[in-house]
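# Summary of the model geometry
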Amino acid sequence: MSKSRGTNAGPTHAPEHPKEMMTGRGKGNRNFPSHNCTVNHDVDLLKLLISADSIPHRIGRWWRRMCLIDHHSPVTRFVFRSDTAIKREMSRQLTYYPGTIHPLSYFRFVWECLMIVTFATAFLLIPYDVTFLFRIGDYYPFTVFHMVLLGTDFICLLDVVIAMYSGTYLRRTQQVDLDLRGVRKRYLRMWFWIDVISSAPDPLITRLVPPTTLDNSLFYCLHRMDYHPGCLWDLWSLLSVIKIFRFRTLLRYIRSLCERFGLRRNVIKFIAILSTVLTVFHWSTCLMFMVLRLSQGTDPALVDERSWSQKIPFWNQTSFVRYLECSYRTLYTVTHITHDFNESMTYDDMLMSLIYTISGYILKIYLLAELLIFIRILFSSTSKYHEYRHELSNYMRHEQLPAALQKQVLDFYDFRHPKIYSRWSLIRSVLGEQLFGELRMEILGPLIRGCPLLRATFTDQQLTALALGMDFQLYMKNDIIARWDGTPGASVERNWNMVFIVTGTVAIFTSGWKEVLHLENGEHFGEFQLLFDADTVKFPNLVAVENTELYTLSRDWLERFLQPYPTLRRNLIDLATEQLHEMERMQRGTALERLENVETVRMQRSRSRETEV
């Protein structure tokens, strides 16, 4: 939400060649030089923190790089929003969680792609294996089908191990949890047992069972109501169907893959719906034959003559042909395709047809609703975003603006309007001042209360009014947020704005453009400049190191706000003066301590030299 919280964004981009600006040869403003950031955001933390003087160490460092957060992923940019936050997360993982696989790492992305293929294969093969493969010839010899199924089981078991050493990302709260103890504790409560039981290598278990025992399957025992230990040989095979509870995990992996490639939201929704419909149809087909086996058995001589399986050459066909027949019956039952339905049916067939017909009506209503939502999304803010961006690009080409300026304007537009549109003036008029103030405090409350000067002097109601008076600003890399040219006068002082950084990094420079400090997410600067003149405090230059979102509090607005409260203004200035004196004493004490240490070192050196002489 923070990227669309304001209407005013007035960055002034710094010139590119500071020497030309100082000598007057450039085309930009000559009153101040350009800012060239000295912070290298491309620094390799692995090479900086992990030494690799041998081949095994290099392999270990490569593995750590695979497990680190992937800064190229759009999902990573969505979660951490700035280069500084991404670097901090990398250093936190290297320092505190060295054995953890980050949920947004490159290895995690590759593994999720593999698990998408594995889950899709498992959801197709498991119900087919449980229901349609029940004869001895379906198990002997060991077919390619069972080899693929066995491979998916081993990959799923390996995923269980990786889940024990992987962090989690909570999309609802947008938080990354790398505490392995808590992750394992939550995983062991439920999903661990489902993953282990459903991933048991039942094709190997089948190979250990004598061929004569294969006739006594669990479905056979349920149909005959004759239970004995020989019927439990395919219990693990039947329990593997509980893997369907992990279908949400497959959809989450698909959504992450689509977001990484930057697909639009409606495309992601369409892929999720298509995957769900195909999976439900496949499992419904297998369920139809499973009900037939439980009610009629697999002996053609004992099947009821009214059953649909007796009207066609069904039992003497291969498993794939039987699957095609069941899929066709499922299709025309659910969708009501025109069909000659003069055949007699058993009560089980009637019940299945009734259930599938009702499910078909519900499915049609659901698909129709999703289709309407899909069409509405096509004409939503994303389409407007591309339309307005195209108009802006055509306008700049018509005016024959330089290519560099066109790219800069389009980059600013993409960052300022990330396919999200919100009219805060309309929202404010609808909600009212009180409710809109609560909304702004949820966004700006932590930033304002992070300033000790404001937290100690303002009440909660006054902080809310302060939040309503703040403006959202967006600055691109190397944009100048505030500058001080050193000329006497109050014009710059009255135009000074205190900044609260939401995302990004801001560099502070002196009047001679000497870098002093960097401010990052959640930090603030300029509260003393709001209250004092240039003779009391210095007015520095503020420059955006990267794309930065911040809120500003102007000096003129604060003076108008404090005008009805003279006591509050006096208390605010007194507290600010006291804090300034404390800062001066701390700086003076630090300087004297350094000088004292230097003199001590000099005296020790001089005495040692005298002793040597």
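This text goes with the structure placed above it.
What comes next is a walk through the structure. (Residues numbered from 1 in each chain as written. Predicted model: local features only at pLDDT ≥ 70, side-chain atom pairs only at ≥ 80, totals over all residues. Heavy atoms only, no water.)

When you go through the chain residue by residue, the secondary structure sums to 25 helices and 11 strands. Across the 613 residues of the chain, 41% fall into the buried class. Considering only intrachain contacts with a sequence separation of at least 6, the fraction spanning at least 24 residues in the chain is 71%. Carbon and sulfur atoms make up 60% of the accessible area of the chain, which totals about 35100 Å². (Helix = DSSP H or I, 4+ residues; strand = E, 2+ residues; numbered from the N terminus. Buried < 20%, exposed > 50% of the residue type's maximum accessible area, 1.4 Å probe, protein only. Contact = heavy atoms within 4.5 Å. Areas by Shrake-Rupley, 256 points an atom, 1.4 Å probe, with all protein chains shown as cover.)

Bringing the pattern of salt bridges into the picture now. Within this structure, the stated rule accounts for three salt bridges. Asp195 is paired through a salt bridge with Arg246; the nearest N and O atoms lie 3.1 Å apart. You can see Asp195 sitting in helix H9 (residues 191-198) and its partner Arg246 sitting in the loop between helix H12 (235-239) and helix H13 (247-260), a full 51 residues away along the chain. Look at Asp195 and you get buried, because its relative accessible area is 5%. (Salt bridge = Lys/Arg side-chain N within 4 Å of Asp/Glu carboxyl O.)

Let's shift gears to the nonpolar core. Membership of the largest hydrophobic core comes to 50 residues, with the highest contact counts inside it found for Phe458 and Leu542. In this structure Leu542 touches Asp479, Ile480, Ile481, Ala482, Trp496, Val499, Val506, Ala507, Ile508 and Phe525, once residues within four positions along its chain are discounted. By size, the runner-up hydrophobic cluster in this structure holds 17 residues, among which are Phe134, Leu292, Val303 and Met352. (Core = buried A, V, L, I, M, F, W, Y, C linked by side-chain atoms within 4.5 Å.)

The next subject is the environment of Leu575. Secondary-structure assignment places Leu575 in helix H25 (residues 566-612). Along the primary structure Leu575 and Ala456 are separated by 119 residues, whereas in three dimensions their C-alpha atoms are 8.7 Å apart. When neighbours within four sequence positions are excluded, Leu575 is seen to be in contact with Leu453, Ala456 and Thr457.

Judged by side-chain polarity, Leu368, Leu371, Leu372 and Ile375 come together as a nonpolar surface patch covering roughly 370 Å² of accessible area. Counting through the fold element by element, Leu371 comes out in helix H16 (residues 347-378). Note on Leu371: relative accessible area 44%, which makes it partly exposed. (Patch = residues over 30% accessible without salt bridge, like charges linked within 9 Å, V, L, I, M, F, W, Y side chains within 5 Å.)

For the rest of this paragraph, the subject is the packing of aromatic side chains. Aromatic ring pairs are described here by two measures, namely the spacing of the ring centres and the angle between the planes. Summed over all chains, the structure comprises 22 aromatic pairs. Between Tyr128 and Phe132 the ring centres are 5.3 Å apart and the planes differ by 25°, which places this aromatic pair in the stacked class. Residue Tyr128 and its partner Phe132 are located together in helix H6 (residues 106-132), separated by four residues, close to a single helical turn. Judged on exposure class, the residue Tyr128 and its partner Phe132 are both buried. Judged by centre distance (5.6 Å) and plane angle (80°), the ring pair of Phe132 and Tyr323 falls under edge-to-face. On the criterion of sequence distance, the pair formed by Phe132 in helix H6 and Tyr323 in helix H15 (residues 319-335) is long-range, its members being 191 residues apart. The structure contains a cluster of three or more aromatic residues connected by ring pairs, namely Tyr128, Phe132, Phe145, Phe289, Trp308, Phe314, Trp315 and Tyr323. Between the NZ or CZ atom of Arg184 and the centre of the ring of Tyr165, over which it lies, the distance is 4.7 Å. (Phe/Tyr/Trp six-rings, centres within 6.5 Å; stacked < 30°, edge-to-face > 60°. Lys NZ or Arg CZ within 6 Å of the ring centre and 35° of its normal.)

This part is about helix H7 (residues 144-164). The periodicity of an α-helix, 3.6 residues per turn, causes residues three or four places apart in sequence to face the same way. Helix length check: H7 (21 residues) gives 31 Å between terminal C-alpha atoms against 30 Å at 1.5 Å per residue, within 8%. Of all the residues in H7, the buried ones are His146, Leu149, Leu150, Thr152, Asp153, Cys156, Asp159, Val160, Ile162, Ala163 and Met164. On its buried face, H7 sits against H6, helix H8 (180-189), H9, helix H10 (202-208) and H13. (Expected span 1.5 Å × (residues − 1).)

Here the focus is empty space enclosed by the protein. According to the stated counting rule, one finds five cavities of 30 Å³ or more in the structure shown. By volume, the largest cavity is sized at about 110 Å³. Lining the largest cavity, in full, are Met288, Val291, Leu292, Ser295, Trp308, Arg329, Thr333, Asp348, Asp349, Met352 and Ser353. Elements with a minimum of two residues in the lining of the largest cavity: helix H14 (265-296), H15 and H16. (1 Å grid on protein atoms, 1.4 Å probe; cavity = no way out; pocket = protein on both sides within 12 Å on 5 of 7 lines; lining within 4 Å. Points joined across faces, edges and corners; volume = space filled by probe spheres on them.)

What follows covers the packing of H6 against H13. Taken N-terminus to C-terminus, the directions of H6 and H13 make an angle of 135°; their axes are 9 Å apart at the nearest point. Considered as vectors, H6 and H13 are oriented oblique to each other. Here the hand of the crossing between H6 and H13 comes out left-handed. Together, Tyr106, Arg108, Phe109, Glu112, Cys113, Met115, Ile116, Phe119 and Phe123 of H6 and Phe247, Thr249, Leu250, Tyr253, Ile254, Ser256, Leu257 and Arg260 of H13 make up the contact between the two elements. Within the contact of H6 with H13, the residues separate by chemical class into 12 nonpolar, two polar and three charged. (Axes fitted to C-alpha atoms, helices over the stretch in contact; angles between N-to-C directions. Parallel < 35°, antiparallel > 145°, perpendicular 65-115°, else oblique. Left-handed = near helix turned anticlockwise from the far one by under 90°. Nonpolar A, V, L, I, M, F, W, Y, C, P; charged D, E, K, R; others polar.)

This brings us to the pairing of strand E8 (residues 515-519). When strand E7 (residues 506-509) meets E8, the two strands line up antiparallel, connected through four bridges. Residue pairing across strands places Ala507 opposite His518, the latter belonging to E8. Between the end of E7 and the start of E8, which pair antiparallel, lie five residues, with Trp513 showing a positive phi angle near 60°. (Pairing = 2+ DSSP bridges.)

So, on to the layout of surface pockets. Rolling a probe over the atoms, with the probe sized like a water molecule, indicates the empty space that remains. Space inside the second largest pocket adds up to approximately 1200 Å³. Only H6, H7, strand E2 (168-170), H8, H9 and H13 provide two or more residues apiece to the lining of the second largest pocket. Looking at side-chain class alone, the lining of the second largest pocket contains 17 nonpolar, seven polar and 13 charged residues.

This part covers the pairing of strand E11 (residues 548-554). Within E11, six of the seven residues are buried, leaving the element largely enclosed by the surrounding structure. Note: strand E4 (residues 471-475) against E11, five bridges, orientation antiparallel. Bridge pairing in E11 places Phe472 opposite Tyr551. Note: strand E6 (residues 497-503) against E11, six bridges, orientation antiparallel.

Its place among the elements puts Ser309 in the loop between H14 and H15. Here Ser307 takes part through its side chain, which lies 3.0 Å from a polar atom of the side chain of Ser309. If we skip the residues at most four places from it in the chain, Ser309 touches Leu292, Val303, Phe314 and Trp315. (Polar contact = N/O pair within 3.5 Å; in protein donor to acceptor, adjacent residues only side chain to side chain.)

Read across the sheet, four strands follow the order E4-E11-E6-E9 without closing on themselves; strand pairing throughout is antiparallel. Looking along the sheet, the strands with just one partner apiece sit at the ends: E4 and strand E9 (524-525). Summarising the sheet, E6 and E9 pair through two bridges and their orientation is antiparallel. Considered in E9, the bridge of Phe500 is made with His524. Strands E6 and E11 of the sheet are contacted by helix H20 (residues 433-449), whose axis makes an angle of about 110° with E6. Across the face of the sheet, helix H24 (residues 555-562) comes into contact with E6 and E11 while running at roughly 40° to E11.

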